[in-house]
There are 2 protein chains.
Amino acid sequence: MVHSDDFLLEDISEEEFIDLAELFKIFGDSTRIKILFLLFKGEANVSAICDELSMNQSAVSHQLKILRTSKLVKARRAGKAMYYSLADDHVKSILSMGKEHIEED
Amino acid sequence: MVHSDDFLLEDISEEEFIDLAELFKIFGDSTRIKILFLLFKGEANVSAICDELSMNQSAVSHQLKILRTSKLVKARRAGKAMYYSLADDHVKSILSMGKEHIEED
DNA sequence: ATAACATATGATAATATATTCATATGTTAA
DNA sequence: TTAACATATGAATATATTATCATATGTTAT
């Protein structure tokens, strides 16, 4: 680790701070975390997610919308069903990093 | 990446999900994010942090307390001043990871 | 002991957030 | 085209969160 991992406050704009906070905020809810971990296994449709989380469909859809809007998950339609999956590998990295942290207490 | 980065929902307890969400929630506020990035440079006392963020002392102290309670920062007293610093390298990893993510859009 | 300074904290008000309920939209099969 | 199913969405309520203000606590110098 030379210098690339060091940050000066001035290097980051007000907007970037807000974006970054907003990104983490998405991860800051256990329902969304559960959905994301579930999608580690691969794509899943809404009913499957509801079943796994034992939550009602509306609550899950609302959270899926938030995850989708923030581009952490993507969706494809197959017939009546909507299949959700993780948008990219950063999501995995961030989750793994967080998991490591809480496990080392 | 073989299997160690894969998660099954059952591997993680309800409590762990909540802990994980709680961890990310801490990062989900731009004031706290700014403080954490500031502390990348090294320790800083409360007045210095207030100056850098142009925020009043009470707001900063409240956020420092949250950061401290969640063990993301630690504090040492030197005379009248309290010096805060990052608690460990996970904080850096998580921030870096998030920063990477938002930069690649 | 007291004044001056640095930080912490409790209460409050404003704002944001998550879930629920009711209902709308979209899709398929009959 | 209508019924049945899957998902999305708007409104409302309950709860959580943040910044501010006022004040308390802790530290040092006089």
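Every chain's residues receive numbers from 1 upward, in the order its sequence appears when written. Here chains are named by letter from A upward and ligands by number from 1 upward, in the order in which they appear as written. Thresholds applied to this predicted model are a pLDDT of at least 70 for local features of residues and 80 or more for the giving and counting of side-chain atom pairs; totals over whole chains, interfaces and linings are not thresholded and use all residues. Excluding hydrogens and water, the side-chain values take into account all heavy atoms of the structure.

Visitor: I'm lost on the relation of the copies chain A and chain B in this one. Help?
Guide: Residues below a pLDDT of 70 in either copy are left out; the C-alpha atoms of the rest, at least 70 in both, set the least-squares superposition of the copies. Overlaying chain A with chain B gives an RMSD of 0.0 Å, the required rotation being 180° about an axis along which the chain moves by 0.0 Å. Here the copies are linked by what is in effect a two-fold axis. The fraction of interface residues of chain A whose copies in chain B are also interface residues reaches 100%, indicating that both copies meet through the same surface. Contacts were defined at the residue level, with two residues in contact if any of their heavy atoms lie within 4.5 Å.

Visitor: What is the right way to read the sheet that holds strand 1 (residues 44–45) of chain A from this model?
Guide: Two pairing modes exist for strands in a sheet, parallel and antiparallel, and in both the strands are linked by backbone hydrogen bonds. Residues and elements named next belong to chain A. Any two strands with at least two DSSP bridges between them are considered paired. Helix numbers and strand numbers start at the N terminus; a helix is a DSSP run of H or I with at least 4 residues, a strand a run of E with at least 2. Across the sheet, three strands lie side by side as 1-3-2; this open sheet has antiparallel pairing. Lying at the two open borders of the sheet, with one neighbouring strand each, are strand 1 and strand 2 (73–78). Where helix 4 (residues 57–69) meets the sheet, it contacts strand 2 and strand 3 (81–86), and its direction lies at approximately 115° from that of strand 2. Interaxial angles span 0 to 180 degrees and are taken between N-to-C directions of axes, which are lines fitted to C-alpha atoms, for helices over the stretch in contact.

Visitor: Could you clarify how one ought to interpret the interface of chain A and chain B in this entry?
Guide: The interface of chain A with chain B comprises 44 residues on the first partner and 44 residues on the second. Two residues, E14 of chain B and K34 of chain A, come together in a salt bridge whose shortest N-O distance is 2.8 Å. Under the rule applied, a polar contact is a pair of N or O atoms within 3.5 Å (in protein, one hydrogen donor and one hydrogen acceptor; residues adjacent in sequence only if both atoms are side-chain atoms). For the interface between chain A and chain B, the tally reads four residue pairs in polar contact (both at pLDDT 80 or more). For the side of chain A that touches chain B, the element with the highest residue contribution is helix 5 (residues 89–103) of chain A, accounting for twelve residues. Classes in brief: Ala, Val, Leu, Ile, Met, Phe, Trp, Tyr, Cys and Pro nonpolar; Asp, Glu, Lys and Arg charged; the others, Gly included, polar. Of the residues assigned to the side of chain A that touches chain B, the class counts are 21 nonpolar, seven polar and 16 charged. Here, a salt bridge means any side-chain nitrogen of Lys or Arg that lies within 4 Å of a carboxyl oxygen of Asp or Glu.

Visitor: Sorry if this is basic, but what is going on with the protein's contact with DNA strand D here?
Guide: Contacts to DNA strand D come from 27 residues, most closely from S47, Q57, S58 and Y84 of chain A together with S58 of chain B. We call a residue near a molecule or strand when any one of its heavy atoms sits within 4 Å of it. Counted by atom, the contact set of DNA strand D within 4 Å of the protein is 59% sugar and phosphate. Take H62 of chain A: an N or O atom from its side chain is 2.7 Å from a base oxygen of DNA strand D. Interatomic distance of 2.9 Å between a side-chain N/O atom of T31 of chain B and a phosphate oxygen of DNA strand D. For the surface near DNA strand D, the secondary structure elements donating two or more residues are helix 3 (46–53), helix 4 and strand 3 of chain A together with helix 2 (30–40) and helix 4 (57–69) of chain B. For the surface near DNA strand D, the leading source of residues is helix 4 of chain A, giving six residues. Partitioning the surface near DNA strand D into residue classes produces seven nonpolar, twelve polar and eight charged.

Visitor: So what exactly am I meant to see when it comes to the protein's contact with DNA strand C here?
Guide: Taken together, 27 residues lie around DNA strand C, and S58 of chain A together with S47, Q57, S58 and Y84 of chain B are the ones closest in. Looking at DNA strand C alone, sugar and phosphate atoms form 61% of those within 4 Å of the protein. Between DNA strand C and V46 of chain B there is a distance of 3.3 Å, counted from a phosphate oxygen to a backbone nitrogen or oxygen. At a separation of 2.5 Å, a phosphate oxygen of DNA strand C approaches a polar side-chain atom of Y84 of chain B. Contributions of two or more residues to the surface near DNA strand C are made by helix 2 (30–40) and helix 4 of chain A together with helix 3 (46–53), helix 4 and strand 3 (81–86) of chain B. Counting residues per element, the surface near DNA strand C draws most heavily on helix 4 of chain B, at six residues. In terms of residue class, the surface near DNA strand C is built from seven nonpolar, twelve polar and eight charged.

None of the figures reported here should be taken as evidence of function without further support.
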